[in-house]
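# A look at the structure
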Amino acid sequence: MGSRFTVLPKAAPGVARALLLPALSCLLGAQGLPGLPGPLPPPEAPSLPELLPLRPLPVEEGAGQVQSLRWRGEMVQESEDVWIIEKGAIQSEDLLLLADRIAFQRKTGMLEAFGRIRLEGAGLRLRCERLQMDWKKRIGEAWALELEVPPSWTLRSSHVAFTTVKSWEFEEVEISPCPQEKPGWSAKLHQMKLELEGFATFRRAKVMVAGIPVLYLPWAAYPAKAERSSGLLPIQPGYSSALGVRLGIPYYQVLGSTMDATFAPEFFSREGALWGGEYRWAPELTHSGSFQGRYIKQHTDDVTRYQYRFQELWQREDGWQFSADLNQASDSLVESDYGRSMGGLGTQSFDSALFLGKNFPWASVNLSAAEQRTFFLPEDTSFYRSDFPSSLRRRSYPQVQARLYPIPFGEFYLDGGARLSRFGYLLDLGEGSPDANYAWTRNDWSTRLHGRLGQWGPFRADLQLAARYTGYSASLKESVFSEKDSTNGDKLDPESNSAFDPFRVDGRAVNRFLGSSRLQLSGPQLGRTFEKLDLFGYSGDLK
């Protein structure tokens, strides 16, 4: 008995999907499932202000000239000549205006704004309650305003007139170095003319500190440029019972776009001229430095005193880094006698350091040096003592240090390091006596091998082997200083004065070897928790 079958032609994919859709609806209905979701409704059409925010509009300025403006607002009313914008903004290429209400005349370019107003441009931020201006010519007036100009000045006034956004004229204005409501100090000026690309001149200025007037200036001028400018800085008068009348005349000089200097001589009626200044440079974002110092030869005792500080930081893209901080002085009282916050408040630091290094993918190498200087001052009024050095310098001479990053050896890693260094004590014994110098070398070598010995299920064994060598060319001859020890001969002789024992590093050489090993076995933690346990008055859970 034979069988008969019919071969149907293959339908196209699109036709097959069309035939399946009705069958799928019947199948879902037979199973009691909800039908297929219908098509989504069309999205709600947005309003005109939502479709055209900040659209550029041509505004006729004159014969053939067109100015491009952008605007937005919660509600906009347009007529042939006037735009009324509620809670919106008007913007050109260099200026942005935001306000609660703006009335803009398209043909003349005049506008009037009310409410919370903010006008911003390059180097300018104005807040006010009312504004009238010619948008094309940048001429206008503002009321109840607060103006912020670089670098950090805030000006407040009830009214100002401006011919451009760079030229402002105030009748009564209050200026402060910050936008806070109650700044630490402020100045109230009767008249002020501000040229943001030039100078600011004002009359009848009262400087207020905590609301109390402390200084009155009938007339003054200062540079108001956004960029730096050379010129004299404010004169610094003063008086000291020890130094007499003081007068400082600082001068600031711009040396290109990356350097500047301040020359700040000070004249004292009793001690003479103190010559000082500072030089600064920053050729790159990762390279900057400064040098500052002062020098004086006192008239009363013919003593020369000085202080200087050099700072440099340079981080190159190729991995090299250089830093320097050199701080030296003739004595520790220079800062307290003639200081102008060169070293900051608190105890003056006389530490210096140098560093040069580079990081490689497999190691790091650096060269460094340092010095720590301490001045010894007696309890009485005399500066130098006859039985002890006037200062001590602890020096780390240029030392080389290298570090090897971990190198894989199968399951283990090998790393190490080396340092070749030299240290020293330099004792200043005062005038007429040679300095005492004790120096010694120290060499350090270290290596370490660490890694996994094996893994057995949840258990693991790790091994670490380390070795180190340290060699000293000299050691302390006497490690303890005792005031009861007798002193023979000259008190400043290090060989006969026991006060020098902590610094006299002239003993025998010392070599030290250190080795260590560590075997660590680890596995999962085992434990149990006993709940609601009462034992010896203790009640709770015990783990």
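Residues numbered from 1 in each chain as written. Predicted model: local features only at pLDDT ≥ 70, side-chain atom pairs only at ≥ 80, totals over all residues. Heavy atoms only, no water.

## Thoughts on the overall build of the protein chain
When helices and strands are counted, the protein chain shows 3 helices and 32 strands. Looking at the protein chain residue by residue over its 543 residues, the buried ones come to 31%. Counted over contacts in the protein chain with a minimum sequence separation of 6, partners at least 24 positions apart contribute 40%. Taken as a whole, the protein chain presents about 35,300 Å² of accessible surface, with 57% of it coming from carbon and sulfur. (Helix = DSSP H or I, 4+ residues; strand = E, 2+ residues; numbered from the N terminus. Buried < 20%, exposed > 50% of the residue type's maximum accessible area, 1.4 Å probe, protein only. Contact = heavy atoms within 4.5 Å. Areas by Shrake-Rupley, 256 points an atom, 1.4 Å probe, with all protein chains shown as cover.)

## Regarding the side chain of T262
Examined against the element boundaries, T262 turns out to sit in strand 18 (residues 259-263). Take T262: its relative accessible area is 18%, and that puts it in the buried class. Polar side-chain contacts of T262 include one of 2.9 Å to the side chain of R280. Excluding anything up to four places from it in sequence, T262 contacts L233, Y251, Y252, G276, G277, E278 and R280. (Polar contact = N/O pair within 3.5 Å; in protein donor to acceptor, adjacent residues only side chain to side chain.)

## Re the pairing of strand 18
As a general feature of sheets, a regular strand has side chains that alternate between the two faces. Judged from the 4 bridges that link them, strand 17 (residues 251-254) and strand 18 form a sheet pairing that is antiparallel. When the sheet's bridge partners are listed, Y252 is paired in strand 18 with T262. Following strand 17, the chain reverses through 4 residues before pairing antiparallel with strand 18; G256 in that reversal takes a positive phi of roughly 85°. In this sheet, strand 20 (residues 272-284) lies alongside strand 18 in antiparallel orientation, the contact comprising 5 bridges. Directly across from M259, in strand 20, lies its bridge partner W281. (Pairing = 2+ DSSP bridges.)

## Observations regarding the environment of T108
For T108, the location among the structural elements is in the loop between strand 4 (95-105) and strand 5 (110-121). The class of T108 is partly exposed, set by a relative accessible area of 37%. The spacing of T108 and D134 is 26 residues in sequence and 7.9 Å in space, taken between C-alpha atoms. For T108, the side chain forms a polar contact with the side chain of Q105, separated by 3.0 Å. Here M110 takes part through its backbone nitrogen, which lies 3.4 Å from a polar atom of the side chain of T108.

## Some words on the environment of A161
Of note, A161 is situated in strand 8 (residues 153-164). Taking the C-alpha atoms as reference points, A161 and M133, 28 residues apart in sequence, are found 9.6 Å from one another. In this structure A161 touches G140, E141, S167, W168 and E169, once residues within four positions along its chain are discounted.

## Describing the pattern of salt bridges
A side chain of one charge can pair with a side chain of the opposite charge when the charged atoms of the two come close. For the coordinates displayed, the defined rule picks out 26 salt bridges. A salt bridge links E266 to R246; its shortest N-O distance comes to 2.6 Å. Here R246 lies in strand 16 (residues 244-248) and E266 lies in strand 19 (residues 266-268), a separation of 20 residues in the sequence. Across the pair D444 and R468 runs a salt bridge, and its minimum N-O distance is 3.3 Å. Of this pair, D444 sits in strand 28 (residues 436-456) while R468 sits in strand 29 (residues 459-472), placing them 24 residues apart in sequence. Residue classification places D444 among the buried positions, given a relative accessible area of 5%. Here the salt bridges do not stand alone but share partners, grouping R127, E146, E148 and R156 into one network. (Salt bridge = Lys/Arg side-chain N within 4 Å of Asp/Glu carboxyl O.)

## Observations concerning the nonpolar core
Ranked by size, the top nonpolar core spans 42 residues in total, and within it W135, L147, W168 and L194 carry the most contacts. Of all hydrophobic cores here, the second largest spans 11 residues; its members include L392, Y425, A436 and A474. (Core = buried A, V, L, I, M, F, W, Y, C linked by side-chain atoms within 4.5 Å.)

## Overview of the packing of aromatic side chains
Enumeration according to the criterion identifies 15 aromatic pairs in this entry. With 6.4 Å between their ring centres and 15° between their planes, F263 and W275 make a pair best called stacked. Taken together, the positions of F263 in strand 18 and W275 in strand 20 put the pair 12 residues apart, joining distant regions of the chain. Within the aromatic cluster, the residues linked to one another by ring pairs are W71, W83 and F104. (Phe/Tyr/Trp six-rings, centres within 6.5 Å; stacked < 30°, edge-to-face > 60°.)

## Concerning the environment of Y469
Structurally, Y469 is set in strand 29. Exposure remark for Y469: the relative accessible area of 25% places this residue in the partly exposed category. In contact with Y469, other than residues within four places in its own chain, are N443, D444, W445, N511, R512 and F513. In terms of polar contacts, Y469 uses its side chain to reach the side chain of N511, at 3.0 Å.

## Overview of the side chain of E271
By secondary structure assignment, the location of E271 is in the loop between strand 19 and strand 20. Of the side chains with opposite charge, R305 comes closest to the buried, unpaired E271, at an N-O distance of 7.1 Å. Side-chain polar atoms of E271 contact the backbone nitrogen of H299, separated by 3.3 Å. A polar atom in the side chain of E271 sits 2.9 Å from the side chain of T300. Apart from the residues within four sequence positions on either side, E271 is in contact with L243, I296, K297, Q298, H299, T300 and Y338. (Lys, Arg positive; Asp, Glu negative; His and termini not counted.)

## Describing the confidence of the model for the protein chain
For the protein chain, mean pLDDT is 80; residues scoring 70 or higher make up 76% of the total. When the elements of the protein chain are averaged for pLDDT, helix 1 (residues 13-30) gives the smallest value, 47, and strand 29 the largest, 95. Contacts of residues 379-387 to residues separated by more than four positions or lying in other chains number 12 contacts, the stretch itself having pLDDT below 50. (pLDDT = per-residue confidence, 0-100.)

## Looking at the pairing of strand 23 (residues 320-329)
By the bridge criterion, 9 bridges tie strand 22 (residues 304-315) to strand 23 in an arrangement that is antiparallel. Pairing of R309 across the sheet is with N327, part of strand 23. Hairpin remark: strand 22 followed by strand 23, antiparallel, with 4 residues in the connecting loop; positive phi at G319, about 105°. Taken together, the 6 bridges between strand 23 and strand 24 (residues 352-359) define a ladder with antiparallel strand orientation. Its bridge partner being in strand 24, Q321 is matched across the sheet by G357.

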